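For reference, the chains in residue letters:
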Amino acid sequence: MKVNFFGAAGTVTGSMHLVEAAGKRILLDCGMIQGGAMEEARNVDPFPFDVSSIDAVVVSHAHIDHTGRLPLLSARGYRGPIYAQQATVELLPVMLFDSASLQESDAERSNRRRARGEDAVAPLYTREDVQKMLQQTRPLPYHQRTSLFPGIEVNLRDAGHILGSAIVELFADGRTLVFSGDLGPKGTPILNDPETPPVADLVLMESTYGNRNHKDRADTVRELGGILDTAWRDGGNVLIPAFAVGRTQEILYWFARYWNEWNLSRWRIFIDSPMAAKVVQIYDRHHELFDEDARKVWKGTPNPFRLPNLHATESLQESMAINQIRNGAIIIAGSGMANGGRIVHHLRHNIGRREAHVVFVGYQAEGTLGRRLVNGAQWVRMYGEDYRVNAQCHTVGGLSAHTDQNGLLDWYGGIPQHPPVVLVHGEDIAREALAGEIRERFGMSAELARPGAVREM
Ligand SMILES: [Zn+2]
Ligand SMILES: [Zn+2]
């Protein structure tokens, strides 16, 4: 078996690895590169392999940084199967139609700005491309070892990161490759803890938070409650940039759980994301993937997805109408890194207000507006204008969908015999720290994947 590293090798986004085994070529993930405009421009580049040579694709989970280039792969000639966990297959249309709409409107906008005579730019892909690609998806349950081709089998285990997220095990040539996908923290609400693979000859492990440990969850939750209290006293709004998948559902879970303690009935809570609202429905269809605690919470009152003061806004007009509200609103909107989406217009209206609070609950990649705010920027640029940052920005790290350094070490340490490990899906600073800890604790020298590098096993 041989692994070629192409994406999320030195960065967090654009996850994509190519496995060669038993005479076949299997792509693991086909993610979108996200971050600054320069970075994102690379999505349109030719794939670093012959598309027609790919025999199968296996996707770890539905997040765009793992799936965002699937429609492009298909449009450029990939006709084979795309395997993913059942819930991931249901999430894919929601994620990718949204992504296609963004691509289409981005292209439209830049064409309007283009001078006469210049070539028009085409969207990276269209909704039609997505429609075609979706025909290629093949749902797999967890724990069902499935033959992809003679001599190659795949098995998915729960990664506890978002609904349907999987650790991918590939068996071929008498070897076992384990791809962690993105790993959730232990004790994360709603979902089960990430499983430990019983055997591996090589592990590709994510390392998003390889250099950091999250705050204790109980502290985090108390902190969130405290921020809401302060914001109420300050008389401002609370903005929560959140991925439509995962964070949004988790926040609703905490709101239901602390409904009385946080006095949440006094707020107006908005999910300003048609996408997040659709994802909520998919979560609601898959209580069998919830952990025990979540099943209990969903049987109690209030139901996290049916809070009495919860408004799911569909149209852009409804979204704009929220701008009239100066206080008492909790606005959950995408994108999670504030590099686009409805959260940006809410930020524009609130960022200059001292009484407003912005709460970051997920990872903020380099080059994004979220990262600049988290880093304490005094001024930020939105829609081509500079805005003074007066609002209070908070990072609530303990709500991350990614496990932290200790969690990664525990997960790796649980795999028998501490197999060789290649670190992917992390910035170098995180990967180097994690590699150091792995050496220290297990005496293994972890490799850092580089784009274009090949690892034989
Ligand atoms: Zn993810
Ligand atoms: Zn990811």
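One can find the structure itself at the top, above this paragraph.
Residues numbered from 1 in each chain as written. Chains lettered and ligands numbered in written order. Predicted model: local features only at pLDDT ≥ 70, side-chain atom pairs only at ≥ 80, totals over all residues. Heavy atoms only, no water.

Attention now goes to the pattern of salt bridges. Throughout the structure, instances matching the rule amount to 23 salt bridges. We note a salt bridge from Glu223 to Lys215, for which the minimum N-O separation is 3.0 Å. Overall, Glu223 belongs to the partly exposed group, its relative accessible area being 24%. Among the salt bridges present, the one from Arg342 reaches Asp272, with a minimum N-O distance of 2.7 Å. You can see Arg342 sitting in the loop between β15 (329–333) and α11 (343–350) and its partner Asp272 sitting in the loop between β13 (268–271) and α8 (274–285), a full 70 residues away along the chain. You can call Asp272 buried: its relative accessible area is 1%. Several salt bridges share partner residues, and in doing so they unite Arg157, Glu169 and Glu195 into one network. (Salt bridge = Lys/Arg side-chain N within 4 Å of Asp/Glu carboxyl O. Buried < 20%, exposed > 50% of the residue type's maximum accessible area, 1.4 Å probe, protein only. Helix = DSSP H or I, 4+ residues; strand = E, 2+ residues; numbered from the N terminus.)

A few words on the coordination of the zinc ion (ligand 2). In the first shell of the zinc ion (ligand 2), the protein supplies Asp65 (OD), His66 (NE2), Asp182 (OD) and His425 (NE2), at 2.1 to 2.2 Å from the metal. Sequence positions of the residues that donate to the zinc ion (ligand 2) give the spacing D-H-x115-D-x242-H. The metal-metal distance between the zinc ion (ligand 2) and the zinc ion (ligand 1) comes to 3.4 Å, with Asp182 coordinating both. An identical accessibility class is assigned to Asp65 and His66; each is buried. (Donors = N, O, S within 2.8 Å, 3.2 Å for Na, K, Ca; no water.)

What follows is about the side chain of Thr176. Inspection of the secondary structure puts Thr176 in strand β10 (residues 175–179). Using a relative accessible area of 8% as the deciding quantity, one classes Thr176 as buried. Contacts of Thr176, omitting those with residues within four sequence positions, involve Met1, Leu170, Phe171, Val199, Ala200, Asp201, Leu202 and Met457. (Contact = heavy atoms within 4.5 Å.)

Close contact between helix α7 (residues 247–257) and α8 brings their axes to 9 Å; oriented N to C, the two are set at 70°. Classified by the interaxial angle, the pair formed by α7 and α8 is roughly perpendicular. Within the contact between the two elements, α7 uses Thr248, Gln249 and Leu252 and α8 uses Ala276, Val279, Val280 and Tyr283. In terms of residue class, the contact of α7 with α8 is built from five nonpolar, two polar and no charged. (Axes fitted to C-alpha atoms, helices over the stretch in contact; angles between N-to-C directions. Parallel < 35°, antiparallel > 145°, perpendicular 65-115°, else oblique. Nonpolar A, V, L, I, M, F, W, Y, C, P; charged D, E, K, R; others polar.)

Turning next to the coordination of the zinc ion (ligand 1). Binding of the zinc ion (ligand 1) to the protein goes through His61 (NE2), His63 (ND1), His161 (NE2) and Asp182 (OD), at separations of 2.1 to 2.4 Å. Each of the four donor atoms around the zinc ion (ligand 1) contributes to a set of angles spanning 90 to 167°, which defines the coordination as irregular. Counting gaps between the donor residues of the zinc ion (ligand 1) yields the pattern H-x1-H-x97-H-x20-D. (Tetrahedral: all angles 85-135°; square planar, octahedral: opposite > 155°, others 65-115°.)

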